[in-house]
Amino acid sequence: LAYLSRELGTIIREKDGFSDINDFKRKDFNKDELLTIFKDLEFNSFIKKMGLESSGDEQEIQEAICCETISNLESFEKIVNQLSREKLLSILPVFKKTGRVGNMLEIIGIGTEEKYYFASTETIDEISLAKAVKVILESEDITLISYNIKELYTWCLYHNTEIHCQLFDLMIAEYLIDALASSYTIPGLSRKYLGIEVEMPKEKKRKGRQIELEQVEENPVELLGKAISTFRAIYEKQKDIIDKSKQNYLFYDVELPLSLVLGSMEYYGFRVDKQYLEEYGARLDYRIKSLEQTIYMLACEEFNINSPKQLGVILFEKMGLKAVKKTKTGYSTDADSLNEIIDSHEIIPCILEYRQLTKLKSTYAEGLVKEINPETGRIHSSFNQTVTATGRISSTEPNLQNIPVRTELGREIRQAFIPKDGYVFVDADYSQIELRVLAHITGDEVLQNAFRDGIDIHTLTASQVFNVSMNNVTPDMRRSAKAVNFGIIYGIGDFSLAKDIGVSRKEAARYIENYLSTYPRIRDYMENTVKFGKEKGYVETMFHRVRHIPELKSPNYQVREFGKRVAMNTPIQGSAADIIKIAMVKVWHELKKNNLKSRLILQVHDELIIETAIDEVEQVKEIVKTNMESAAELSAPLVADVSVGSTWFEAK
DNA sequence: GCGATCAGCC
DNA sequence: TATTGTGCTGATCGCA
């Protein structure tokens, strides 16, 4: 072996045929082939850099596009009226991001396949423009092909306009076709479906310095015209795929209307008590300062506690504590690791508390205040519909889906979330939705019956796993069983379960085995869904949301195992996501239909929050509960628990 | 600007 | 044999 290694490691220094150094120069390359490779790999900046843009057929298409810019209101109104008699229209608005809640419109393009019309707010004022397009947006006979209808809808709400068109949104369609695509841009879609290169006008950079390069600004209408002219053809192709994947219900009845629901949630926002947050932050600060001093004293040195690197050096080198785990760059200092050595030095609990408090202060106390809109006094988070691999929605700027709740101190932040005057919160959350979905799709009757009979599911699992009767289950056993239940959903192994509930690995393995033999259908499901995923390359939810899992074919063991867990978890988490989306659409319609003042303002995966007018509380409670529980018919019935409170803290 | 680490939620 | 629970977003550090 040593000889073999030596041979492998020896550099061959003599080789014939390379006498001329010029042979090593880069020669001409096959442009077409390189372009295909780069396109395939999405090396778009290389394509640009090397001037590989194809030109042939593109030119023809561009010349076929018929675009007109309209610069006075009367002509625009006339054209819009004409267009409102059409059946199928494409629409492409461009917004400028400002502090205003409905973004500011810059340009809007509308048209049929034959011709597209553009209007700019530079020549026609925004309000008149909004009034003009109302005839189109509020017509139920038109199918509107859009890109990012949510953004258009928040703008509509600002201008007191509704959208009643039949919708087809290219971004959302693509999300259902491939939930894992990294971005859903118009140029990306047009490249994928039509092989056409289009470009979107660059957003003007607001960087203060240097205006030279950015000012080049080609005629935006020219670019936009080309972009909107691809909508119709992309629509045809996506429509087909969605239909063939049995996603019509999910797309037309869930995701598209949901887009408007999310738009309105963003538009209305969540009222926040700024003063409360500031006082809360000050309170934290007082304690943080004191902890800081204690830590410096115990370490006999000042250092940056926020730096895991510096902290690691202090704890594990200077103070000689035992490191239990390593990361790829050094010592592990996360809460799990520190908790294992919590008794070895009094500095450890201080650090843990310091971490908790600084998190609360910077992310929540300070972070949330920054997001309060000065005009509305409310926080207008963005709800993204095309981010997650499982179908959940995500929330950013700020993330309202991770507001603390577990620790008492953190939970107090929820007292800053208040309703507008004369309103309260109705808060409804699904009870055990993922386990009910699990019971439903596995067909396990023991589990289903337990849910039907309203039995406490963790206690039941405990009695099965530990082989004791239901009334002999201790709180400790129940806690472990709860971990087992969640672990099953995530596709857990004995190692992690053991660590989670603090038993030996063997013990944990026995729990899992007990569980799977008590619920044989669950074992079957886990095996079958992985098999399905391997054969088809994807798994799907109850409503045919699809997730491709290329990891299942990976040569790498770890990656493949990850693929298996994903295959087991996605149909469960994803179906639960489908269900609450259905519920949101139903609740939203019902509030509208009854002309209520109450508004859905937040979703947190299994929970809905409605800012409710005091005189509508009883009605809203009823609407939320029945619509959530009837969102899907499961053989383990859905249950939603509803409560009312005058802050988010109280409503839970 | 970006990866790594940590921490918050379901 | 080696490894080990899904899905997210944000703050901070430290390097390039």
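Residues numbered from 1 in each chain as written. Chains lettered and ligands numbered in written order. Predicted model: local features only at pLDDT ≥ 70, side-chain atom pairs only at ≥ 80, totals over all residues. Heavy atoms only, no water.

Of the regular secondary structure elements, chain A holds 26 helices and 16 strands. The C-alpha extent of chain A, read off along each of the three principal axes, is 90 × 75 × 55 Å. The long-range share in chain A, meaning contacts at least 24 apart out of those at least 6 apart in sequence, stands at 65%. Each charge sign in chain A was given a centre, from 84 positive and 99 negative side chains, and these centres are 3 Å apart. (Helix = DSSP H or I, 4+ residues; strand = E, 2+ residues; numbered from the N terminus. Contact = heavy atoms within 4.5 Å. Lys, Arg positive; Asp, Glu negative; His and termini not counted. Charge placed at Lys NZ, Arg CZ, Asp CG, Glu CD.)

Evaluated as defined, the whole model comprises 35 salt bridges. One salt bridge in this structure joins D285 and K289, with 3.1 Å as the shortest N-O distance. A residue pair is termed a helical-turn pair when its members lie 3 or 4 positions apart in one helix, as D285 and K289 do in helix 13 (residues 274-299) at 4 residues. Under the relative-accessibility criterion, D285 is labelled partly exposed at 24%. For E618, the salt bridge goes to K621, with nearest N and O atoms at 3.8 Å. (Salt bridge = Lys/Arg side-chain N within 4 Å of Asp/Glu carboxyl O. Buried < 20%, exposed > 50% of the residue type's maximum accessible area, 1.4 Å probe, protein only.)

Taken together, the neighbourhood of DNA strand C is formed by 34 residues, with S307, S496, R505, R547 and Q573 sitting nearest. Each atom of DNA strand C within 4 Å of the protein was classed as base or backbone; sugar and phosphate made up 70%. S307 is positioned with one of its side-chain polar atoms (N or O) 2.5 Å from a phosphate oxygen of DNA strand C. Between DNA strand C and K309 there is a distance of 2.8 Å, counted from a phosphate oxygen to a side-chain nitrogen or oxygen. Secondary structure elements with two or more residues in the surface near DNA strand C: helix 14 (308-318), helix 16 (347-370), strand 10 (394-396), helix 21 (475-490), helix 22 (494-501) and helix 25 (557-593). Per-element accounting of the surface near DNA strand C gives the leading share, 7 residues, to helix 25. Its residues placed into classes, the surface near DNA strand C shows 8 nonpolar, 18 polar and 8 charged. (Near = heavy atom within 4 Å. Polar contact = N/O pair within 3.5 Å; in protein donor to acceptor, adjacent residues only side chain to side chain. Nonpolar A, V, L, I, M, F, W, Y, C, P; charged D, E, K, R; others polar.)

T333, K359, R392, V405 and R406 are the nearest of the 23 residues found near DNA strand B. Protein-adjacent atoms of DNA strand B, using a 4 Å cutoff, are sugar or phosphate at a proportion of 81%. In this structure, T329 approaches DNA strand B through a side-chain N or O atom, which is 2.8 Å from a phosphate oxygen. One of the backbone N or O atoms of T333 is found 2.7 Å from a phosphate oxygen in DNA strand B. The greatest single-element share of the surface near DNA strand B, amounting to 4 residues, is contributed by helix 16.

On to helix 6 (residues 126-137). Its 12 residues give helix 6 an end-to-end C-alpha distance of 16 Å, which sits within 8% of 16 Å, the value for a rise of 1.5 Å per residue. What helix 6 keeps buried is the set E126, S128, L129, A130, A132, V133, I136 and L137. In this fold, the buried residues of helix 6 make contact with helix 5 (73-83), strand 2 (88-96), strand 3 (104-111), strand 4 (116-120), strand 5 (143-146) and helix 7 (149-158). (Expected span 1.5 Å × (residues − 1).)

Here we come to the state of the cysteines. Counted by the stated rule, this structure contains 0 disulfides. Note on C165: no disulfide assigned, nearest cysteine sulfur contributed by C156 at a separation of 9.1 Å. With no disulfide of its own, C300 has C350 as its nearest cysteine by sulfur position, at a separation of 13 Å. The class for C300 is exposed, based on a relative accessible area of 64%. (Disulfide = S-S within 2.5 Å.)

Okay, the packing of aromatic side chains next. If you walk through the whole model with that rule in mind, you get 19 aromatic pairs. With centroids separated by 4.7 Å and ring planes inclined at 90 degrees, the aromatic side chains of F168 and Y235 adopt a geometry described as edge-to-face. A residue pair is termed long-range when its members are at least 10 positions apart, and F168 in strand 6 (residues 166-169) and Y235 in helix 11 (residues 231-244) qualify at 67 residues. Neither residue differs from the other here; F168 and Y235 are each classed as buried. Centroid distance F316 to Y331: 5.1 Å. Interplanar angle 50 degrees. Geometry classified as tilted. Of this pair, F316 sits in helix 14 while Y331 sits in the loop between helix 14 and helix 15 (335-340), and the two are 15 residues apart along the sequence. By way of ring pairs, the aromatic residues F168, Y235, F251 and Y252 are connected into one cluster. Sitting over the ring of Y158, R100 keeps its end group 4.0 Å from the ring centre. Directly above the aromatic system of W648 lies the positively charged group of R414, at a separation of 4.2 Å from the ring centroid. (Phe/Tyr/Trp six-rings, centres within 6.5 Å; stacked < 30°, edge-to-face > 60°. Lys NZ or Arg CZ within 6 Å of the ring centre and 35° of its normal.)

For the rest of this paragraph, the subject is the side chain of D427. Its location among the elements puts D427 in strand 11 (residues 423-430). This buried residue, D427, is left without a salt bridge; K652 holds the nearest opposite charge, at 5.2 Å. If sequence neighbours within four positions are ignored, D427 has contacts with E607, L608, I609, D641, V642, S643, W648, A651 and K652.

Before going further, it helps to examine the environment of H380. Position of H380 relative to the elements: it lies in the loop between strand 8 (378-379) and strand 9 (382-384). With 44 residues separating them in the primary sequence, H380 and D336 have C-alpha atoms 34 Å apart. Contacts of H380, omitting those with residues within four sequence positions, involve V101, E266, Y267, Y268, G269, N373 and E397. At a separation of 3.1 Å, a polar atom in the side chain of H380 contacts the main-chain carbonyl oxygen of Y267. A distance of 2.7 Å separates the side chain of H380 from the side chain of T376, its partner in a polar contact.

The next thing to look at is the domain arrangement of chain A. One can read the domain layout of chain A as domain 1 (1-50), domain 2 (67-201 + 219-245), domain 3 (274-375), domain 4 (377-406 + 413-434 + 542-651) and domain 5 (435-541). Computed from C-alpha coordinates alone, the two centres of domain 3 and domain 5 are separated by 36 Å. (Domains from an automatic or database assignment.)

As a further point, take the sheet that holds strand 2. If you trace the 6 strands from one edge of the open sheet to the other, you get 1-4-3-2-5-6, paired in mixed fashion. In this open sheet, the two strands that pair with only one neighbour each are strand 1 (67-70) and strand 6. Neighbour-to-neighbour, the strand axes of the sheet open up by a mean angle of 25 degrees, direction not taken into account. Pairing geometry for strand 2 and strand 5, over 3 bridges, is parallel. The partner of L89 across the bridge, within strand 5, is L144. (Pairing = 2+ DSSP bridges. Axes fitted to C-alpha atoms, helices over the stretch in contact; angles between N-to-C directions.)

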